[in-house]
Amino acid sequence: MSSNPRKRREALVYHAKPKPGKIQVVPTKKYSTQRDLSLAYSPGVAEPCLEIEKDKENAYKYTTKGNLVAVISNGTAVLGLGDIGPEASKPVMEGKGLLFKIFADIDVFDIEVDTKEIDKFIETVKNIAPTFGGINLEDIKAPEAFEIERRLKEELDIPVMHDDQHGTAIISAAALLNALELSKKKMEKVKIVINGAGAAAISCTKLYKAFGAKPENIVMLDSKGVIRKDRPNLSEEKAEFATSRKIDTLDEAMKNADVFVGLSIADIVTPEMLKSMAKRPIVFAMANPDPEIDYNLAISTRKDLIMATGRSDHPNQVNNVLGFPFIFRGALDVRSTKINEEMKMAAVKALAELAKEPVPEQVNIAYGETRMNFGPDYIIPKPFDPRLIAKVPPAVARAAMESGCARHPIQDWEKYEEELLERMGSDNKITRLLMNRAKMDPKRIVFAEADHLDVLKAAQIVNDEGIGIPILLGRREVIQELMQEIDFDADVEILDPKSDEQEDKRQAYAEVYWKTRNRSGVTLYDAQNVMRLRNYFAAMMVNTGDADALLSGYSRAYPTVVKPMLELIGMAKGVSRVAAINLMNTSRGPLFISDTSINIDPPAKDLAKIAQMTARTVKLFGLEPVIAMISYANFGSSKDPHAYKVKEAVSYLHRWQPELKVDGELQTDFALNKEMLQSKFPFSKLAGKKVNTLIFPNLDSANSNYKMLKELNKADSIGPIMMGMKKPVHILQLGASVEEMVNMAAVAVVDAQEKERKKQKENL
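Reading guide: rules and limits
Residues numbered from 1 in each chain as written. Predicted model: local features only at pLDDT ≥ 70, side-chain atom pairs only at ≥ 80, totals over all residues. Heavy atoms only, no water. Helix = DSSP H or I, 4+ residues; strand = E, 2+ residues; numbered from the N terminus. Rg over C-alpha atoms; globule rule 2.2 N^0.38 Å. Contact = heavy atoms within 4.5 Å. Areas by Shrake-Rupley, 256 points an atom, 1.4 Å probe, with all protein chains shown as cover. Lys, Arg positive; Asp, Glu negative; His and termini not counted. Charge placed at Lys NZ, Arg CZ, Asp CG, Glu CD. Expected span 1.5 Å × (residues − 1). Bend = angle between axes of the 7 residues up to and from the residue. Buried < 20%, exposed > 50% of the residue type's maximum accessible area, 1.4 Å probe, protein only. Pairing = 2+ DSSP bridges. Patch = residues over 30% accessible without salt bridge, like charges linked within 9 Å, V, L, I, M, F, W, Y side chains within 5 Å. Salt bridge = Lys/Arg side-chain N within 4 Å of Asp/Glu carboxyl O. Axes fitted to C-alpha atoms, helices over the stretch in contact; angles between N-to-C directions. Parallel < 35°, antiparallel > 145°, perpendicular 65-115°, else oblique. Left-handed = near helix turned anticlockwise from the far one by under 90°. Nonpolar A, V, L, I, M, F, W, Y, C, P; charged D, E, K, R; others polar. Phe/Tyr/Trp six-rings, centres within 6.5 Å; stacked < 30°, edge-to-face > 60°. Polar contact = N/O pair within 3.5 Å; in protein donor to acceptor, adjacent residues only side chain to side chain. Right-handed = clockwise from strand over helix to strand, strands pointing away.

Enquirer: Help me out: how do you make sense of the overall build of the protein in this one?
Expert: Within the protein one finds 31 helices and 21 strands. Against the globule reference of 27 Å for 764 residues, the protein gives a C-alpha radius of gyration of 29 Å, in line with a compact fold. For the protein, contacts bridging at least 24 residues in sequence account for 70% of all contacts bridging at least 6. Taken as a whole, the protein presents about 34,900 Å² of accessible surface, with 52% of it coming from carbon and sulfur. Positive and negative charge centroids in the protein, built from 106 and 107 side chains respectively, lie 4 Å apart.

Enquirer: I tried to follow helix H5 (residues 86–104) on my own but got confused; where do I start?
Expert: Each α-helix winds once per 3.6 residues, and so residues spaced three or four apart point in a common direction. Relative to the 27 Å expected for 19 residues at 1.5 Å per residue, H5 spans 26 Å between its end C-alpha atoms, a close match to the ideal helical length. At Val92, H5 is deflected by roughly 25°, the largest bend along its length. All buried positions along H5 are accounted for by Pro86, Ser89, Met93, Glu94, Gly95, Lys96, Gly97, Phe100, Phe103 and Ala104. The first or second residue beyond H5 is Asp105, which carries a positive phi of 55°.

Enquirer: Could you clarify how one ought to interpret the pairing of strand S8 (residues 259–262) in this entry?
Expert: Here is the key point about a regular strand: its side chains alternate between the two faces of the sheet. The two faces of S8 match: Val259 and Val261 on one face and Phe260 and Gly262 on the other face are all buried. Pairing analysis gives four bridges linking strand S5 (residues 192–195) to S8, with the strands arranged parallel. Within the sheet, the bridge partner assigned to Val193 lies in S8 and is Phe260. Here S8 runs beside strand S9 (residues 282–285); their pairing, made up of four bridges, is parallel.

Enquirer: Quick question: what am I supposed to make of a nonpolar patch on the surface here?
Expert: Judged by side-chain polarity, Leu79, Leu81 and Ile84 come together as a nonpolar surface patch covering roughly 290 Å² of accessible area. Within the secondary structure, Leu81 sits in the loop between strand S1 (68–73) and H5. Look at Leu81 and you get partly exposed, because its relative accessible area is 48%.

Enquirer: It is not clear to me how the packing of H5 against helix H14 (residues 324–333) should be interpreted in this structure. Could you clarify?
Expert: Where H5 contacts H14, the axes come no closer than 9 Å and their chain directions differ by 65°. As summarised for this structure, H5 and H14 are arranged roughly perpendicular, according to the angle between their axes. Relative to H14, the crossing made by H5 is right-handed. On H14, the residues that touch Lys96, Leu99, Phe100, Phe103 and Ala104 of H5 are Phe324, Pro325, Phe326, Phe328 and Arg329. Residues that form the contact of H5 with H14 fall into these classes: eight nonpolar, no polar and two charged.

Enquirer: Which parts of the structure should I look at to understand the sheet that holds strand S14 (residues 549–552)?
Expert: Strand-to-strand pairing in sheets goes through backbone hydrogen bonds, with the strands running parallel or antiparallel. Strand order across the open sheet formed by five strands is S13-S12-S11-S14-S21, with parallel pairing between neighbours. Two strands in the sheet have a free side with no partner beyond their single neighbour: strand S13 (493–495) and strand S21 (729–731). Neighbour-to-neighbour, the strand axes of the sheet open up by a mean angle of 20°, direction not taken into account. Note that S14 and S21 share three bridges and pair parallel. Note on S21: the bridge partner recorded for Ser552 is Ile731.

Enquirer: Sorry if this is basic, but what is going on with the pattern of salt bridges here?
Expert: Should their charged atoms come close, side chains of opposite charge can pair. On inspection of all chains with the given rule, the structure shows 53 salt bridges. Among the ionic pairs, Glu57 bridges to Arg407, the shortest N-O distance being 3.5 Å. With Glu57 in the loop between helix H3 (46–54) and helix H4 (59–62) and Arg407 in the loop between helix H17 (388–402) and helix H18 (413–423), this pair connects stretches of sequence that are 350 residues apart. Classification of Glu57 as partly exposed rests on a relative accessible area of 25%. Among the charged side chains, a network of salt bridges with common partners joins Glu57, Asp157, Arg335 and Arg407.

Enquirer: Whenever I open this one, the packing of aromatic side chains confuses me. Can you help?
Expert: To describe a pair of aromatic rings, one takes the distance between the centres and the angle between the planes. One pass over the structure, following the stated rule, counts twelve aromatic pairs. Ring plane angle 75° and centroid distance 5.5 Å describe the contact between Phe100 and Phe328, whose orientation is recorded as edge-to-face. Note that Phe100 is positioned in helix H5 and Phe328 in helix H14, a separation of 228 residues in sequence. For Phe100, a relative accessible area of 0% gives the class buried. Judged by relative accessible area, which is 0%, Phe328 ranks as buried. For the pair Phe635 and Phe683, a centre-to-centre distance of 5.0 Å together with 65° between the ring planes defines the contact as edge-to-face.

Enquirer: Please clarify how the packing of H14 against H18 should be interpreted in this entry.
Expert: In helix packing, the relevant descriptors are the interaxial angle and the interaxial distance, both defined with respect to the helix axes. Contact pair H14 / H18: the axes reach a minimum separation of 13 Å and the direction vectors enclose 130°. The pairing of H14 with H18 is recorded here as oblique in orientation. Here H14 and H18 pass one another in a crossing that is right-handed. Here Arg329, Gly330 and Asp333 of H14 lie close against H18, whose contacting residues are Tyr416, Leu420 and Arg423. Considered class by class, the residues forming the contact of H14 with H18 number two nonpolar, one polar and three charged.

Enquirer: I tried to follow the side chain of Asp110 on my own but got confused; where do I start?
Expert: Its location among the elements puts Asp110 in strand S2 (residues 107–112). Side chain to side chain, Asp110 and Lys90 meet in a polar contact 2.7 Å long. If we ignore the near neighbours within four places in the chain, the residues touching Asp110 are Ile23, Val71, Lys90, Met93 and Glu94.

Enquirer: Teacher, can you tell me more about helix H7 (residues 144–155) here?
Expert: With twelve residues, H7 ought to run about 16 Å at 1.5 Å a step, and its terminal C-alpha atoms sit 16 Å apart, in line with that. Here H7 has its buried residues at Ala145, Phe146, Ile148, Glu149, Arg151 and Leu152. On its buried face, H7 sits against helix H6 (118–128), strand S3 (134–137), strand S4 (160–162), helix H8 (163–183), helix H9 (199–210) and helix H10 (236–239).

Enquirer: Explain the sheet that holds strand S16 (residues 589–594) here, please?
Expert: Strand order in the open sheet made by the six strands is S18-S17-S19-S16-S15-S20, with mixed pairing throughout. Both edges of this open sheet fall to strand S18 (661–666) and strand S20 (716–723), since each of them pairs with a single strand only. Strand-to-strand, the axes of this sheet are offset by a mean angle of 20°, without reference to chain direction. One ladder, built from five bridges, connects strand S17 (residues 626–630) with S18; its direction is parallel. Residue Ala628 lies in a different strand from S18, and its bridge partner there is Asp663.

Enquirer: Help me understand the pairing of S1 in this model?
Expert: Burial of S1 is extensive: six of the six residues sit out of reach of the surface. Bridge count for S1 against S2 is six bridges, and the pairing is parallel. When the bridges of S2 are listed, Val69 appears paired with Val108. For the crossover from S1 across H5 to S2, the handedness is right-handed. Pairing geometry for S1 and S3, over four bridges, is parallel. What sits directly across from Val71, in S3, is Asn136.

Enquirer: Which parts of the structure should I look at to understand the side chain of Asn58?
Expert: Counting through the fold element by element, Asn58 comes out in the loop between H3 and H4. A residue is classified by how much of its surface remains accessible, and Asn58, at 17% relative accessible area, is buried.

In structure tokens, the structure reads:
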């Protein structure tokens, strides 16, 4: 539990508002007419019922069973909170359901069972099992968890997995295989110390044995010390890993050990223990939130160390989300009767192999790396790696087929891979990638309207999450009062452009501004006056390097905020027109829309330049742009100047940048329906491709469409993102939400990072 009252309140509000919980049931069929309802329920529903009565396998054909997993707990071992009961475990189970959905498009019902008796728990799960395609057991204390999983696997004909045991085992085994390869050591020969003897530790050790680790080379410890054969009353699970060595402590066990695996408590490993290990040691310190030895302390103690933790702020995070969504995905897709050892080992090998493959630029960008390569700091894939969905489930599915437990074998693997990639369209992964990249190198962001509560809330999140370093502009007394109201007690810079204490800075900024605009009718007096206005003052902060980026527009109309930005900051070198783009996280995946805020009716050549700027922005998000130039006409079907303008813009693009995937003019439905486009216009450069970028012919259509998407489909919007500016300045929509402002702060930071990187290249 958080000791910070504000964090605690924030967490409670997240789970309670705007509606309680984190998951919901959404209809997948039409229900608008009486005919629809008569098919959904009585009398039409009788037909699939009768088909399923004839053959229970038809449940997979006519119901959600094949994509539905139960996340089941009795609340006896919830996170680090212990036995808190089934009701108190429900938020965690809902969270697990959320992860299943966003990483592998698997639907989940969470089930909390009010019993600690093994037989009753098993009976309950067996009785509800016909509803589901798979069972994920969660947060059940050991040793009961072992018995529950074993019996359910034996007695049910659908996949069952206790993720607390096997998730960590699978991910850490993949990391261990690669770490051993880098250390030039063999699994059969290494000496392994396992600190912890709970469900996860037991499962990890069993899986390491399956990959060749020798029992005589393993020492396991629990809270009482080394588990020895001569210790009385050992459980069956602990007895399997009891050692005959005459040692009692972790200190003794670590001497000359090759591998340490910690699933225990913080700071139990000392630098002296680390020094006593063999050459090129491997340390997996996976206690959360604080590992068995601090990462920085460990790597400074042993330069030849390969280390993994459970934390995302260090290399090599052992994160269960790399495993369970994709393992169940593969098992469900072949209607496997179980998740067996072969399937788990296949997942391990797939993860280990993926870490050796070239990392997509999208992942490098997300983690702020120039180029991630297989090595000591990269032994397992990153959770944001989009290849996981296409790599792990097929490996698991193949293993299910080869081991004889697949009831619905896959015939066309290429088609299956395409289906897997399509499943990820509903995910907001791109937002998480954006946030992660911003956190890699936070920049100073001016919040020009910080005396508004929502703006201040956004700045608080940006500060707390490490996305950026806020600089707050506005009336100091108002800002401080609001900060107190929301428990924003961080030491951040607060500036009031109108205050006496900013007099020197105002004068300095005015001099700079006047010198650049004195031949455009601006007097020094004018310059001094406008520097009292927060948007002019904020723009000069960015211009002079007192800040790295700027956000404004929450309380003022867009045109009034754009004006000072264009006057003071201006356009980037080689740019003749600025534009704005919105990123929409839609059910079909990320969709970029231009120009949503600035150009009312750009001519053909400017429209082409907007498309080029948009393509560069899409690449900034790690995606390859596939651009449709939108019109009411398709490929010359109208000779009207409005349609011809788009056709002409496409012609420019095909000449200027022939490698760019862009075509048009196209109606929106053809652009977004690749099968329809392929059928009617197979000659198009976009035929068979999934369009992710729409360039509209005018502001009217672009702005209306993005706002309609946002309101009707509740699509998350990031934007408008300013393109073509010399410095990172971004103008919010009037009344933007806190979430939208946080997203835009991340965009501003990434924009600043990119401009800094470009400047460094130019100076080389």
